[in-house]
Amino acid sequence: MSPGRGESAGKPATRQVPLKRDSAGLPAHAEPRLQPPVRGAGACLLVVATTALLFVRALPAQAIGQGFELERAGQYEQAAAIYLAALRAEPTNLPALLGLERVLPPLSRLGELLPVAQRAAAASPANTALRGVLLRTYVALNEPDSARAVALRWAAAAPRDEAPDREWAMALEDTHRHAAARDVLLAGRRALGRPGAFGIELAELSRLSGDWEGAAREWAGALEDAPVQLPNAASALAEAPEEQRERIARLLSAGTPPPLTRRLAGELLLGWGQPLRAWGVFEPSVAAPSADAAFALRRFADLAGTRSTPDARRVRALALARYADLAPVPGGGAARARADAARAFIEAGDRPAARAVLERVARDSTAPPDAQRLAQRSVVEALIDGGQLDTAAQQLATNSRLSAEDRASLRLRLARARIGAGALDRAESSLAGDSSVEALALQGWIALYRGRLRDAQALFRAAGPYAGDRSDATERTAMLALLQQTPLDSFPELGTALLTLVRGDSLHAVQALRLAAGRLGTGEGGGGRPDLLLLAGRVAARLDTLQQRSALALFDEVVRTAGRGAAAPAAELEWARLLERRAQPAEAIQHLEHLILTYPGSAVVPEARRELERAKGAIPRS
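Residues numbered from 1 in each chain as written. Predicted model: local features only at pLDDT ≥ 70, side-chain atom pairs only at ≥ 80, totals over all residues. Heavy atoms only, no water.

The next subject is the overall build of the chain. Within the chain one finds 32 helices and zero strands. When burial is assessed residue by residue, the chain has 46% of its 622 residues classed as buried. Restricting the contact set of the chain to residue pairs at least 6 apart, pairs at least 24 apart contribute 55%. For the chain, the accessible surface area stands at approximately 30400 Å², while carbon and sulfur atoms represent 54% of it. (Helix = DSSP H or I, 4+ residues; strand = E, 2+ residues; numbered from the N terminus. Buried < 20%, exposed > 50% of the residue type's maximum accessible area, 1.4 Å probe, protein only. Contact = heavy atoms within 4.5 Å. Areas by Shrake-Rupley, 256 points an atom, 1.4 Å probe, with all protein chains shown as cover.)

Here we come to the environment of Val 379. Topologically, Val 379 is positioned in helix 19 (residues 369–385). Leaving out residues up to four positions away in the same chain, Val 379 has contacts with Leu 358 and Glu 359.

The biggest cluster of nonpolar side chains holds 72 residues, and the ones touching the most others in it are Trp 219, Leu 237, Ile 248, Leu 252, Leu 264, Leu 297 and Phe 300. Excluding residues that lie within four positions of it along the chain, Leu 297 makes contacts with Trp 279, Phe 282, Val 286, Ala 319, Arg 322, Tyr 323 and Leu 326. Residues Leu 520, Ala 536, Leu 552 and Ala 588 belong to the second largest nonpolar core, which totals 65 residues. (Core = buried A, V, L, I, M, F, W, Y, C linked by side-chain atoms within 4.5 Å.)

Where helix 30 (residues 567–581) contacts helix 31 (residues 585–598), the two axes come as close as 8 Å, and the packing angle between them is 160°. On the basis of the axis angle, helix 30 is roughly antiparallel to helix 31. The handedness of the crossing between helix 30 and helix 31 comes out as left-handed. Contacts between helix 30 and helix 31 involve Pro 569, Glu 572, Leu 573, Trp 575, Ala 576, Leu 579 and Glu 580 on the former and, on the latter, Glu 587, Ala 588, His 591, Leu 592, His 594 and Leu 595. (Axes fitted to C-alpha atoms, helices over the stretch in contact; angles between N-to-C directions. Parallel < 35°, antiparallel > 145°, perpendicular 65-115°, else oblique. Left-handed = near helix turned anticlockwise from the far one by under 90°.)

Positive phi values are uncommon outside glycine, yet His 176 reaches one of about 65°. Relative to the elements of secondary structure, His 176 occurs in the loop between helix 7 (163–174) and helix 8 (178–192). We classify His 176 as exposed; its relative accessible area is 65%. Even without glycine at this site, Ala 583 takes up a positive phi of about 60°. Mapped onto the fold, Ala 583 is located in the loop between helix 30 and helix 31. Residue classification places Ala 583 among the exposed residues on the basis of a relative accessible area of 61%.

The next subject is helix 29 (residues 545–561). Between the first and last C-alpha of helix 29 there are 25 Å, a value that for 17 residues agrees with the 24 Å anticipated at 1.5 Å per step. Restricting attention to buried positions, one finds in helix 29 the residues Gln 547, Gln 548, Ala 551, Leu 552, Leu 554, Phe 555, Glu 557, Val 558, Val 559 and Thr 561. Its buried side turned inward, helix 29 meets helix 27 (506–520), helix 28 (530–541) and helix 30. One or two steps after helix 29, the chain reaches Gly 563, where phi turns positive at roughly 65°. (Expected span 1.5 Å × (residues − 1).)

Moving on, we come to the packing of aromatic side chains. If you walk through the whole model with that rule in mind, you get five aromatic pairs. For the ring pair Phe 282 and Phe 300, a centre distance of 4.2 Å and an interplane angle of 20° mean the geometry is stacked. Highlighted residues: Phe 282 in helix 14 (residues 275–282) and Phe 300 in helix 15 (residues 291–305), separated in sequence by 18 residues. Each member of the pair, Phe 282 as well as Phe 300, is classed as buried. Both rings, one in Trp 445 and one in Phe 460, keep their centres 4.9 Å apart while their planes meet at 65°; by these two values the pair is edge-to-face. With Trp 445 in helix 23 (residues 437–449) and Phe 460 in helix 24 (residues 453–463), this residue pair connects regions lying 15 residues apart in the sequence. Phe 460 carries the same exposure label as Trp 445, and that label is buried. Taken together, the aromatic side chains of Trp 279, Phe 282 and Phe 300 make up a single cluster linked through ring pairs. Directly above the ring of Tyr 323 sits Arg 298, whose terminal nitrogen or CZ lies 5.4 Å from the centroid. (Phe/Tyr/Trp six-rings, centres within 6.5 Å; stacked < 30°, edge-to-face > 60°. Lys NZ or Arg CZ within 6 Å of the ring centre and 35° of its normal.)

Looking now at helix 20 (residues 389–398). For helix 20, the full list of buried residues reads Leu 389, Ala 392 and Leu 396. Mapping the buried residues of helix 20 onto a view down its axis gives an arc of 60°, with all of them on the same face. Counted as exposed and oriented over 90 degrees from the buried face of helix 20: Gln 394, Ala 397 and Thr 398. Looking at the buried positions of helix 20, the neighbouring elements they touch are helix 19 and helix 21 (404–420). (Arc of directions from axis to C-beta.)

Moving on to the pattern of salt bridges. In total, this model carries 35 salt bridges according to the counting rule given. The partner of Asp 425 in a salt bridge is Arg 450, and the shortest N-O contact between them spans 2.3 Å. Of this pair, Asp 425 sits in helix 22 (residues 424–430) while Arg 450 sits in the loop between helix 23 and helix 24; the two residues are 25 residues apart in sequence, bridging distant segments of the chain. Of the residues examined, Asp 425 reaches a relative accessible area of 56% and is grouped as exposed. The class of Arg 450 is partly exposed, set by a relative accessible area of 23%. The partner of Glu 607 in a salt bridge is Arg 610, and the shortest N-O contact between them spans 2.8 Å. (Salt bridge = Lys/Arg side-chain N within 4 Å of Asp/Glu carboxyl O.)

Have a look at this one:
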């Protein structure tokens, strides 16, 4: 057989010619032409004859429009009658043929299409659209010899055109004869002598047959002639079953594959959750600077940005840093890309890499002001987050390129970091002269950790509810509620316990909170301060199994000794939650039901009801 000829990037979106009508119902090719002015009786007869001819030509187009409306309404019998009538008047009317191709199969009358398709192809043998209708009709009627004959004649008339083989194969594919369609395409490829010919169609047939490695091989070959198909290739192969993915990745990355194949393999591995391996496969494809490599890097970085794992963030940072090196304008896009790369390095936890990238931007006098500002700020943020607090403080004091707004926010960030490190004096000194509500809130925490409870209350109230974000405000409100229940102006043991907690030493914080609870006062049953014991229990519940047992004992103590106060129902809710995490749902349900019945007016009852429904399986966990 003579297979398809000519280049094609892929399967056409549709094989039907859309019906086009202007406002008068005429097809585009039947627009009336202006006639020159004429005079006399003969001229009048000519005008009448011309008008009549135009009217007659317009009738088929109007009929096609009527048939199409009937078809849309589901009235296939009436639509078929109109299309057949139009073909009797004009045998090569392609819209009518396509209409019959649509409406006759649902009516089980496809055989009626064959004689009109034969007549149309015979009347206009060079019309490839009519040949396509006849070829599809033979295939649909399962007349393979006739279909082959049509394809051979078509191929002989257009020896470099891929359309005959592609049309034949797609018709076979539509009738689920995938093996026959594959044979047609492979024979066409051999005749053309181009290894990548029909690669996209063969990839789809391989996928349908479950041959995912074959699909990957065909996509890789097709990309050489159609690089714009890379997103489609990645999208199609991404759906491969998990057990097939490693074989696909090895096939695409073995040896020294071409750049496009490497990019395909990299995108697939990235989507399959292997970002570091993906970058290792992808990176050699962008070694040589070019606009194409820059575009590929930007796309890879964007794809990595859709995933939230640390490795994906690191890969995104690496891609952006490489993109910055390839950016065509050194000062603009490159500086912004480096700033984005640094942020991604920070998110990935690689602060040295972030700092190195940001220092390049900070030294770049041609960088746009917004990128320069971001770089200067991000350098100091990276120093603070990396624990290099003295160096960060020196930058704040000497870097004149920092804006006043950035300087103020960085000073607050540095103070928080010093509080977290236990350096309360240095944190307080860094806030000297700052009267903002955010600074007042931080000064309140410093006072609290020093045990000056009344000073902390006053500073928290002065800061108000709008300092920091919502979580900051919520935390201050909860601490104010605790302090208001504490009769002492000064309580260093409590401050030390809370500072130990904020520094991340949860184990010793639990012990310190239990000691502070015992020192502060006793509950109705002789226990320690219930709200502090509750806090200690919440901290212990987040630790290992041994400490979780301590948490259960603390919750038990609060429930027994807190009486009718707010701490008891809150402790029982935490008790039930911990039991659920320890796979003890029956015991959790008992505590939740006890809470709801014993403390019906508690603020935690609505949450307890939801937790009870979850424990009983009524609400699946997200």
